[in-house]
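# Close look at the chain arrangement
So you can see what is in the structure, the chains are spelled out below.
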Amino acid sequence: MTVNLEVAEGVGTLRLDRPPMNALDVATQDRLKELAEEATRREDVRAVVIYGGERVFAAGADIKEMQAMDHTAMVLRARALQDSFTAVARIPKPVVAAVTGYALGGGCELALCADYRIAAENAKLGQPEILLGLIPGAGGTQRLSRLIGPSKAKDLIFTGRQVRADEALALGLVDRVVPAAEVYEQAHAWAARLAQGPAIALRAAKESIDTGLETDIDTGLAVERNWFAGLFATEDRERGMRSFVEEGPGKAKFL
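Residues numbered from 1 in each chain as written. Predicted model: local features only at pLDDT ≥ 70, side-chain atom pairs only at ≥ 80, totals over all residues. Heavy atoms only, no water.

So, on to the sheet that holds strand S4 (residues 95-99). In spatial order, the strands read S1-S2-S3-S4-S6-S9; together these 6 strands make up an open sheet with mixed pairing. A strand with exactly one partner marks an edge of an open sheet, and here the two such strands are strand S1 (3-8) and strand S9 (176-178). Strand-to-strand twist in this sheet, taken as the mean axis angle between neighbours without regard to direction, amounts to 20 degrees. As paired elements, strand S3 (residues 47-51) and S4 share 4 bridges and run parallel to each other. Within the sheet, the bridge partner assigned to Val48 lies in S4 and is Val95. Against the sheet, helix H1 (residues 26-41) contacts S1, strand S2 (11-16) and S3, and its axis sits at roughly 20 degrees relative to S1. (Pairing = 2+ DSSP bridges. Helix = DSSP H or I, 4+ residues; strand = E, 2+ residues; numbered from the N terminus. Axes fitted to C-alpha atoms, helices over the stretch in contact; angles between N-to-C directions. Contact = heavy atoms within 4.5 Å.)

If you want it as structure tokens, here you go:
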């Protein structure tokens with residue numbers, strides 16, 4: 001399989017496995033969607049790591065496969081391409097990308113689907129589609145501009161240039177830069193910590209933030225308000241407040 005889902009201690013690792021560069025061909029895209037939906041459904045998966053291995057995250061689409069497609073073929077495929085990435089973005093649980101080596105084109109777009117990105121010191125990220133006479137087609141024009149702002153996104157998309165980890169950190173494209181040998185370990189630790197948290201409240205926080213970024217503030221506030229009130233019906237809320245009153249902050253156990 002070109003993508004695998006490995007689950008341990010509440011953390012599901014979506015592992016890309018299509019050597020040598022984890023090129024995201026149609027089969028890999030479809031498998032990614034399938035496993036993202038599985039991670040969404042599974043109660044034993046409480047947080048997710050996206051990982052491409054020690055050498056490379058994903059160097060982009062399979063260009064030879066795309067070259068063989070004409071306009072009609074891509075009209076039929078483009079929605080499925082976006083849907084595979086959207087399935088990752090909509091996993092209603094904390095998701096962290098562990099980025100090693102290249103994350104270019106579709107690889108960068110996949111990292112953008114995570115809630116948090118930890119990159120290796122040797123990582124290189126970018127949207128080089130313009131160099132092929134194309135634009136990003138798996139959400140890059142939308143998610144990148146929402147993450148780092150339209151001007152910075154246009155610079156990367158218009159030029160197709162690659163950025164090293166330190167510049168990616170300065171741009172806000174990644175959130176933490178660590179030695180390459182520590183990328184997966186730190187990403188897993190981030191996910192494992194949140195896997196111990198209140199699952200429904202984490203889902204509520206993610207949906208409220210993401211919906212708010214996609215709509216007007218009044219709609220976003222309504223989503224927040226409904227989730228906030230709804231959480232008062234959960235056992236986690238009762239446990240969290242009881243622990244706060246009896247033991248002080250930060251000591252509640254939610255599993």
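Attention now goes to the pairing of strand S6 (residues 116-120). Where a strand is regular, its side chains alternate between the two sheet faces. Counting buried positions along S6 yields 5 of 5 residues, so the element is predominantly enclosed. Judged by which residues are buried, S6 turns out to be covered on both faces: Tyr116, Ile118 and Ala120 on one side and Arg117 and Ala119 on the other are all buried. In the sheet, S6 pairs with S9 via 3 bridges, with the strands oriented parallel. Each residue of the ladder has a partner; that of Ala120, found in S9, is Val178. (Buried < 20%, exposed > 50% of the residue type's maximum accessible area, 1.4 Å probe, protein only.)

Let us look at the packing of aromatic side chains. By the definition in use, this model includes 3 aromatic pairs. Plain terms: the ring middles of Tyr51 and Tyr184 are 4.7 Å apart, the flat faces sit at 35 degrees to each other, and that makes the pair tilted. Residue Tyr51 is located in strand S3, and its partner Tyr184 is located in helix H8 (residues 183-195); the two are separated by 133 residues in the primary sequence. On the accessibility criterion, Tyr51 (12% relative accessible area) is buried. On the basis of relative accessible area, Tyr184 is assigned to the partly exposed category, the value being 26%. The interplanar angle of 5 degrees and the centroid separation of 5.1 Å between the aromatic rings of Tyr116 and Trp190 together place this pair among those described as stacked. Here Tyr116 is found in strand S6, whereas its partner Trp190 is found in helix H8, with 74 residues between them in sequence. An identical accessibility class is assigned to Tyr116 and Trp190; each is buried. (Phe/Tyr/Trp six-rings, centres within 6.5 Å; stacked < 30°, edge-to-face > 60°.)

Let us look at the layout of surface pockets. Estimated volume of the largest pocket: approximately 1100 Å³. Every residue lining the largest pocket is counted, 37 residues in all, and those nearest its centre are Ala89, Cys113, Arg143, Asp210 and Glu214. Elements with a contribution of two residues or more to the lining of the largest pocket: helix H3 (71-89), helix H5 (140-148) and helix H9 (199-214). Per element, the largest residue contribution to the lining of the largest pocket is 10 residues, and it comes from H9. As for the second largest pocket, its lining consists of 29 residues, and the residues nearest its centre are Ala61, Met66, Leu81, Glu129 and Gly137. Mapped onto the lining of the second largest pocket, the elements with two or more residues apiece are H1, helix H2 (63-67), H3 and helix H4 (106-112). At 5 residues, H3 tops the list of elements feeding residues into the lining of the second largest pocket. For the lining of the second largest pocket, the class distribution of residues is 19 nonpolar, 5 polar and 5 charged. (1 Å grid on protein atoms, 1.4 Å probe; cavity = no way out; pocket = protein on both sides within 12 Å on 5 of 7 lines; lining within 4 Å. Points joined across faces, edges and corners; volume = space filled by probe spheres on them. Nonpolar A, V, L, I, M, F, W, Y, C, P; charged D, E, K, R; others polar.)

So, about the side chain of Ser84. Within the secondary structure layout, Ser84 lies in helix H3. A polar contact of 2.6 Å, which involves the side chain of Ser84, links it to the backbone oxygen of Leu81. Other than its neighbours up to four places away in sequence, Ser84 contacts Gln29, Leu32 and Lys33. (Polar contact = N/O pair within 3.5 Å; in protein donor to acceptor, adjacent residues only side chain to side chain.)

In a regular helix each residue adds 1.5 Å, so 16 residues correspond to 22 Å; H1 covers 23 Å between its end C-alpha atoms and thus fits that length. Among all positions of H1, only Val26, Thr28, Gln29, Arg31, Leu32, Leu35, Ala36 and Ala39 are buried. (Expected span 1.5 Å × (residues − 1).)

Within the secondary structure, Lys124 is located in strand S7 (residues 124-126). Given a relative accessible area of 22%, Lys124 falls into the partly exposed group. For the pair Lys124 and Ala27, spaced 97 residues apart in sequence, the C-alpha to C-alpha distance is 25 Å. In this structure, Lys124 is in contact with Gly101, Tyr102, Ala103, Leu104, Gln162, Val163 and Arg164, ignoring residues within four places of it in sequence.

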